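Read off the chains here:
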Amino acid sequence: MSKSLKKPIILNVETVARSRLFNVESVDLEFSNGVRRVYERMRPSTREAVMIVPIIDDHLILIREYAVGTESYELGFTKGLIDPGETIHEAANRELKEEVGFGARSLTFIKKLSMAPSYFSSKMNILIAEDLYPESLEGDEPEPLVQERWPLKHLMDLLEDPDFSEARNVSALFLVREWLKMQGRL
């Protein structure tokens with residue numbers, strides 16, 4: 001952060017809405033120039049998530065999963081919350097087994113991303129999974145997830161697929177492309 005920037009003072013935080021999954025807070029702020037504003041955010045959480053990009057036989061493994069926000073089936077990478085007590089790698093391997101039916105002998109951490117930081121404190125850890133082996137765990141998905149394999153040689157063509165549009169997936173795609181280039185695989 002620039003030394004010339006001073007964080008606003010939080011004058012009050014109040015829960016204004018609550019659901020089974022979310023708590024919305026109203027945050028009354030005073031900026032260093034005296035301007036006051038009220039912002040809304042999801043209650044901050046220290047719980048993070050993982051997104052796993054599995055690679056097998058020069059293909060990515062993607063899944064189609066129903067997204068109630070857009071009321072559509074989205075094409076994307078395996079993802080899920082890190083359970084209390086789990087490491088990033090343990091969570092990634094568990095989610096991979098639950099959603100794709102593979103474990104990974106090699107998991108490479110790529111980057112930690114923030115998601116809509118004006119509203120959320122959530123962090124998404126992007127990992128690449130390789131040296132896969134068949135192993136399944138029961139997950140919490142309400143229906144079986146459809147898998148699709150996508151050739152690495154056509155990696156960026158994913159951007160043309162209208163079902164591959166979620167920003168975290170697109171970010172992961174670009175990060176994986178750069179990682180593959182550094183590995184000499186693209």
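Residues numbered from 1 in each chain as written. Predicted model: local features only at pLDDT ≥ 70, side-chain atom pairs only at ≥ 80, totals over all residues. Heavy atoms only, no water.

**Quick word on the side chain of Glu98**
1) Next: Checked against the element boundaries, Glu98 lands in helix α1 (residues 88-99).
2) Next: Taking the relative accessible area as the measure of exposure, Glu98 reaches 18% and is therefore buried.
3) Next: In contact with Glu98, other than residues within four places in its own chain, are Leu137, Glu138, Gly139 and Glu141. (Helix = DSSP H or I, 4+ residues; strand = E, 2+ residues; numbered from the N terminus. Buried < 20%, exposed > 50% of the residue type's maximum accessible area, 1.4 Å probe, protein only. Contact = heavy atoms within 4.5 Å.)

**What to know about unusual backbone geometry**
1) Next: With a phi close to 50°, Asp57 is a non-glycine residue in the positive phi region.
2) Next: Its location among the elements puts Asp57 in the loop between β4 (49-56) and β5 (59-67).
3) Next: With relative accessibility at 60%, the residue Asp57 sits in the exposed group.
4) Next: One non-glycine residue, Asp58, lies in the positive phi region at around 55°.
5) Next: Tracing the chain through its elements places Asp58 in the loop between β4 and β5.
6) Next: The exposure class assigned to Asp58 is exposed, which follows from its relative accessible area of 54%.

**A closer look at the pattern of salt bridges**
1) Next: Following the criterion strictly, the structure yields 17 salt bridges and no others.
2) Next: Asp161 is the salt-bridge partner of Arg64, the closest N and O atoms lying 4.0 Å from each other. Linking Arg64 in strand β5 with Asp161 in the loop between β10 (146-151) and α2 (167-182), this pair joins segments that are 97 residues apart in sequence.
3) Next: Classification of Arg64 as buried rests on a relative accessible area of 17%.
4) Next: For Asp161, a relative accessible area of 16% gives the class buried.
5) Next: For Asp163, the salt bridge identified is with Arg64, shortest N-O distance 2.7 Å. Remark: Arg64 occurs in strand β5 and Asp163 occurs in the loop between β10 and α2; sequence separation between them is 99 residues.
6) Next: The network of salt bridges with shared partners includes Arg47, Asp83, Glu86, Arg94, Glu95 and Glu98. (Salt bridge = Lys/Arg side-chain N within 4 Å of Asp/Glu carboxyl O.)

**Some remarks on α1**
1) Next: Its twelve residues give α1 an end-to-end C-alpha distance of 16 Å, which sits within 8% of 16 Å, the value for a rise of 1.5 Å per residue.
2) Next: If you check which residues of α1 are buried, you get Ala91, Ala92, Asn93, Arg94, Glu95, Leu96, Lys97, Glu98 and Glu99.
3) Next: Structurally, α1 contributes buried residues whose contacts are with β4, β5, β7 (78-81), β8 (102-114) and β9 (123-134).
4) Next: At the exit of α1 stands Gly101, carrying a positive phi of roughly 80°. (Expected span 1.5 Å × (residues − 1).)

**Considerations on the environment of Leu175**
1) Next: Relative to the elements of secondary structure, Leu175 occurs in helix α2.
2) Next: In sequence terms Leu175 and Ala104 are 71 residues apart; their C-alpha atoms lie 19 Å from each other.

**Quick notes on the environment of Phe109**
1) Next: Its place among the elements puts Phe109 in strand β8.
2) Next: Discounting residues that sit within four places of it in the chain, Phe109 has contacts with His89, Asn125, Ile126 and Leu127.

**Focus on the nonpolar core**
1) Next: Ranked by size, the top nonpolar core spans 23 residues in total, and within it Leu60, Leu62, Phe77, Leu158, Phe164 and Leu180 carry the most contacts.
2) Next: Among the secondary structure elements, those contributing two or more residues to this core are β4, β5, β9 and α2.
3) Next: Among the elements that take part in this core, α2 stands out by supplying five residues, more than any other.
4) Next: Leave out the neighbours within four places in its chain, and Leu158 touches Leu60, Leu62, Leu75, Trp150, Phe164 and Leu173.
5) Next: Among the nonpolar cores identified, the runner-up in size contains 17 residues, and Val50, Ile61, Phe102 and Leu145 belong to it. (Core = buried A, V, L, I, M, F, W, Y, C linked by side-chain atoms within 4.5 Å.)

**Digging into the packing of aromatic side chains**
1) Next: With the rule as written, the count across this model stands at three aromatic pairs.
2) Next: Measuring from ring centre to ring centre gives 6.3 Å for Phe31 and Tyr39, while their planes differ by 55°; the resulting arrangement is tilted.
3) Next: Seen in terms of ring centroids, Tyr66 and Tyr73 are 5.4 Å apart; in terms of plane orientation they differ by 65°. Their pairing is edge-to-face.
4) Next: The partly exposed category is assigned to Tyr66, whose relative accessible area is 42%. (Phe/Tyr/Trp six-rings, centres within 6.5 Å; stacked < 30°, edge-to-face > 60°.)

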